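So the chains spell out like this:
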Amino acid sequence: MAYEDQYQQSLLLKYDTLLFDVDDTLYPLSTGFSKECAKNIEEYMVQKLGIPENKASQLNQELYKSYGTSMAGLKAIGYDFDNDEYHSFVHGRLPYEKLKPDHVLRSLLLSLPVRKVIFSNADKAHVAKTLSKLGLEDCFERIICFETLNPSGKTSTSFDDKNELQLGSEMLEISDHSCQSDIGSILPKTPIVCKPFENAFEQAFKLANINPQRTIFFDDSIRNIQTGKQMGLRTVLVGKSNRISGADYVLDSIHNMKEALPELWEANSKKSETTKYIASVSIETSVTA
Ligand SMILES: [Mg+2]
């Protein structure tokens, strides 16, 4: 009996935190926000940084792929600009009216007595506005976002290093190297702390007192999910339908989280449900409905 109680207790405590990305995770890709965002970034690159219009799109894609965010990539290759101005240009002009209150997701989140934390590369204003539009502003205990990971005054690019200077002066040549699989290794480091880099996860764990072994991480980015897995998190790739290495679960929509992870609700409900939970806990599920 003592063993049963002990085992039951360990199951109840298996996960104590849910960690969520925001964009294209808490709302679907079909809102078109990603496209709008890319358009705004490219306009910023052309209008504010003087990058030729015919190079902006490709460079933006390459930087996003290599650095996790376009901003991190632009800073890494030598552009210096004000973070707040960039964010207000890129996010401040998004059509937020397209985001509607998501009662289904809200009910799902509130029905789960497990701590929920936001972990986003986006700036505070964008995260707050997005959560508010989705009607989820009171569903999370803590928000880790750009400003949390990059406290003001610490992201200004310094070009004391000769290699960085050289690469900075040849920044547009990056496009010519994009087909190389080792592009990441020839690019300079970014001063920005963001997913998918390990230091962003380490900071988030420290700031929010997260034990990765007891945390489930939801994100739409394959690279973020893969780093998350390496960092010890249980991972859920959202908005996709194909299994990938590094993802413990794959969901078409965040709305399917209860179908894929019923144990979360069961473990937090009546103890009589525990047996059912034991039977399902080790099954890795791909929900594509
Ligand atoms: Mg995302």
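Residues numbered from 1 in each chain as written. Predicted model: local features only at pLDDT ≥ 70, side-chain atom pairs only at ≥ 80, totals over all residues.

Draft legend 1. Examining the nonpolar core more closely. Membership of the largest hydrophobic core comes to 59 residues, with the highest contact counts inside it found for Leu19, Phe20, Ile118, Phe218, Val236 and Leu251. Of the residues that make up this core, three or more belong to each of domain 1 (1-27 + 101-155 + 192-289) and domain 2 (30-98 + 157-190). Ile118 has contacts with Phe20, Val22, Val127, Phe140, Ile143, Ile144 and Cys145, leaving out every residue within four places of it along the chain. (Core = buried A, V, L, I, M, F, W, Y, C linked by C-beta atoms within 7 Å. Buried ≥ 20, exposed ≤ 12 C-beta atoms within 10 Å, placed from the backbone. Domains from an automatic or database assignment. Contact = placed C-beta atoms within 7 Å.)

Draft legend 2. Highlighting the packing of helix α2 (residues 33-47) against helix α5 (residues 83-90). Relative to each other, α2 and α5 sit at 130°, their axes nearing to 8 Å. The angle between α2 and α5 places the two elements in the oblique class. Of the residues in α5, those in contact with Cys37, Asn40, Ile41 and Tyr44 of α2 are Tyr86, Phe89 and Val90. In terms of residue class, the contact of α2 with α5 is made up of six nonpolar, one polar and no charged. (Axes fitted to C-alpha atoms, helices over the stretch in contact; angles between N-to-C directions. Helix = DSSP H or I, 4+ residues; strand = E, 2+ residues; numbered from the N terminus. Parallel < 35°, antiparallel > 145°, perpendicular 65-115°, else oblique. Nonpolar A, V, L, I, M, F, W, Y, C, P; charged D, E, K, R; others polar.)

Draft legend 3. Representation of the packing of α2 against helix α3 (residues 53-67) within the structure. Where α2 meets α3, the axes come as close as 9 Å, and the angle between the chain directions of the two elements is 130°. The orientation of α2 relative to α3 falls into the category oblique. Seen from above, α2 lies across α3 with right-handed handedness. Each of Ala38, Ile41, Glu42, Met45 and Val46 in α2 lies in contact with α3, whose residues at this interface are Glu53, Ala56, Ser57 and Asn60. A breakdown of the residues in the contact of α2 with α3 according to their chemical character gives five nonpolar, two polar and two charged. (Left-handed = near helix turned anticlockwise from the far one by under 90°.)

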